[in-house]
Amino acid sequence: MKAIVVGGGIGGLAAAVSLRRVGWEVEVHERAAAFGEIGAGVGVMPNAMRALEWMGLDDEIRRLGTPRVSGGVRAEDGRWLVHLPDVGQEKVIAMHRADLHGVLLRALPSEVLFNDVEVTSAEDLDADLVVAADGINSRLRAELLPDAPGPVYAGATAWRGVAPGPYDLPISQTLGPGGEAGILPLGDGRVCWYVAKVAPAQADLDPVALFAGWHDPLPELVRTTADVIRHDIHQLPLLPTFVKGRVALLGDAAHAMTPYLGQGACMALEDAVTLALCNGDLARYDALRRPRTQSVWKGSRMAGKFGIEMRSPIALALRNFAFRVVPPSLAIQGMTRFSAWEVPQVHSNGSNPAVN
């Protein structure tokens, strides 16, 4: 059986690695001139680690990821709302997106990788399975579901970068009025960071000025980063199906979500393993992945409402008080319940596997 994966990002490469593991012949078609990944940090949550363990790549991820550090949630003035003594390697592994992409790329032989290939229609591809991993603006999704809505602006814009350091910092999320920020320390002293602010689409904004009053070292991280990436945050409205015929949508092409749970890349890794285990049964893939990813999509929307979208001083005070009085163990349960996924036990007799 042959599969063609359209898109050479994290989701596409993970799909190729996973399908090869169960015996499929695979090609990856990437429209860029070279395989690579832009962006800054990514948090590899426990659910994503289970997917990577199934692929046989977990040791390399742990080697490249941030060692054990403290972490939690802070207010914009630096006060800890939730503080945990041990986050890195257990709750989340922080790493550069390019490093995660590189691990997946090195797991594939060069002869299955084709770059500078423009795919405009699944009909042009000679394969038993076509995996549409071509991102939030997926051309194949538009062909597959012509009546489905496209991406919509989610109401905030974000900036990301890697500060040179060296720094010795905890993993943290900071919540402030109409904005949020995140710090993901890398093992070599550099720091991946992001800041986001509620704003009109394409607004002319300066992140240095917007976050100048937030706790240290956030202003310094933004100010000292040479290459800052800015993007308006978009999400994909919920789709009625992820499959049609021999085509399966995967990753952002299927369920692009806001970043407020940090689960976007993790969902793509889950998709890849589940698709491989379904072994061509796309109805089963849809039945497993659509409810799961759409639940996380809704959870991320809700996290945004209690995080970045909150601007009323009274509401902010009540939220921060609730964070401080809730025991850390309960706070962690609330923040990590979306990462409780396990690799599905898909049976060849067609019975539905148990899956979180």
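One can find the structure itself at the top, above this paragraph.
This one's a predicted model, so the numbers in the text were calculated from it and none came from an experiment.

Helices and strands together make up the secondary structure of the chain, namely 12 helices and 15 strands. Considering only C-alpha atoms, the chain reaches an extent of 55 × 40 × 40 Å along its principal axes. Across the 356 residues that make up the chain, the buried fraction comes to 53%. Relative to all contacts within the chain whose residues are 6 or more apart in sequence, the contacts with residues 24 or more apart total 73%. A total of about 15,200 Å² of accessible surface is found on the chain, and carbon and sulfur atoms cover 52% of it. Mean positive and mean negative side-chain charge positions of the chain (33 and 39 charges, respectively) differ by 7 Å.

Relative to strand β13 (residues 229-235), strand β9 (residues 152-163) is paired through 6 bridges, and the arrangement is antiparallel. Across the sheet, the residue bridging to Val 152 is Gln 235, located in β13. Pairing between β9 and strand β12 (residues 191-198): 8 bridges, direction antiparallel. Following the sheet pairing, Gly 161 is matched in β12 by Trp 193.

All right, on to helix α1 (residues 10-21) then. Here α1 contains 12 residues, and its C-alpha end-to-end distance of 17 Å stays within 8% of the 16 Å for a straight helix at 1.5 Å per residue. The buried fraction of α1 amounts to 10 of the 12 residues, a majority that puts the element mostly inside the structure. Taken together, the buried positions of α1 are occupied by Ile 10, Gly 11, Gly 12, Leu 13, Ala 14, Ala 15, Ala 16, Val 17, Ser 18 and Leu 19. In the segment just after α1, Gly 23 is the residue with positive phi, at about 100°.

Attention shifts here to the pattern of salt bridges. Side-chain pairing between opposite charges can occur once the charged atoms of the two side chains come close. All told, the structure shown has 17 salt bridges when counted by the stated rule. Between Glu 27 and Lys 2 there is a salt bridge, with the nearest N and O atoms lying 3.2 Å from each other. Of the two residues, Glu 27 is situated in strand β2 (residues 25-30) and Lys 2 in strand β1 (residues 2-6); the sequence distance between them amounts to 25 residues. Take Glu 27 and Lys 2: they sit in the same class, and that class is buried. Arg 31 is the salt-bridge partner of Glu 118, the closest N and O atoms lying 4.0 Å from each other. Here the residue Glu 118 occupies a position in the loop between β7 (113-115) and β8 (129-132), and Arg 31 occupies one in the loop between β2 and β3 (41-44), the gap between them amounting to 87 residues. Relative accessible area serves as the criterion here: at 54%, Arg 31 is assigned to the exposed category.

A few words on the packing of aromatic side chains. Counted according to the given criterion, the structure contains 1 aromatic pair. Residues Phe 211 and Trp 214 carry aromatic rings whose centres are separated by 4.9 Å and whose planes lie at 70° to one another, so their mutual orientation is edge-to-face. Using a relative accessible area of 1% as the deciding quantity, one classes Phe 211 as buried. Lying over the aromatic face of Trp 80, Arg 74 brings its terminal NZ or CZ to 4.4 Å of the ring centre.

Here we take up the environment of Val 191. With respect to the helices and strands, the residue Val 191 is situated in strand β12. Judged by relative accessible area, Val 191 falls into the buried class, the value being 0%. If we skip the residues at most four places from it in the chain, Val 191 touches Gly 161, Val 162, Ala 163, Tyr 167, Leu 169, Ile 183, Leu 184, Pro 185, Leu 186 and Leu 221.

Moving on, we get to the packing of α1 against helix α4 (residues 97-106). Between α1 and α4, whose axes approach to 9 Å, the crossing angle comes to 25°. Between α1 and α4, the interaxial angle falls into the category roughly parallel. For the pair α1 and α4, the crossing hand works out as left-handed. From α1, Ile 10, Leu 13, Ala 14 and Val 17 reach across to α4, where they touch Arg 97, Leu 100, His 101, Leu 104 and Leu 105. Tallied by class, the residues present in the contact of α1 with α4 amount to 7 nonpolar, 1 polar and 1 charged.

A word on the environment of Ile 4. Inspection of the secondary structure puts Ile 4 in strand β1. Residue classification places Ile 4 among the buried residues on the basis of a relative accessible area of 3%. Residues Ile 4 and Leu 125 lie 121 residues apart in sequence; the distance between their C-alpha atoms is 7.4 Å. Excluding residues within four positions of it along the chain, Ile 4 makes contact with Glu 27, His 29, Leu 125, Asp 126, Ala 127, Leu 129, Val 130 and Val 131.

Rules behind the numbers
- Residues numbered from 1 in each chain as written.
- Predicted model: local features only at pLDDT ≥ 70, side-chain atom pairs only at ≥ 80, totals over all residues.
- Heavy atoms only, no water.
- Helix = DSSP H or I, 4+ residues; strand = E, 2+ residues; numbered from the N terminus.
- Buried < 20%, exposed > 50% of the residue type's maximum accessible area, 1.4 Å probe, protein only.
- Contact = heavy atoms within 4.5 Å.
- Areas by Shrake-Rupley, 256 points an atom, 1.4 Å probe, with all protein chains shown as cover.
- Lys, Arg positive; Asp, Glu negative; His and termini not counted.
- Charge placed at Lys NZ, Arg CZ, Asp CG, Glu CD.
- Pairing = 2+ DSSP bridges.
- Expected span 1.5 Å × (residues − 1).
- Salt bridge = Lys/Arg side-chain N within 4 Å of Asp/Glu carboxyl O.
- Phe/Tyr/Trp six-rings, centres within 6.5 Å; stacked < 30°, edge-to-face > 60°.
- Lys NZ or Arg CZ within 6 Å of the ring centre and 35° of its normal.
- Axes fitted to C-alpha atoms, helices over the stretch in contact; angles between N-to-C directions.
- Parallel < 35°, antiparallel > 145°, perpendicular 65-115°, else oblique.
- Left-handed = near helix turned anticlockwise from the far one by under 90°.
- Nonpolar A, V, L, I, M, F, W, Y, C, P; charged D, E, K, R; others polar.

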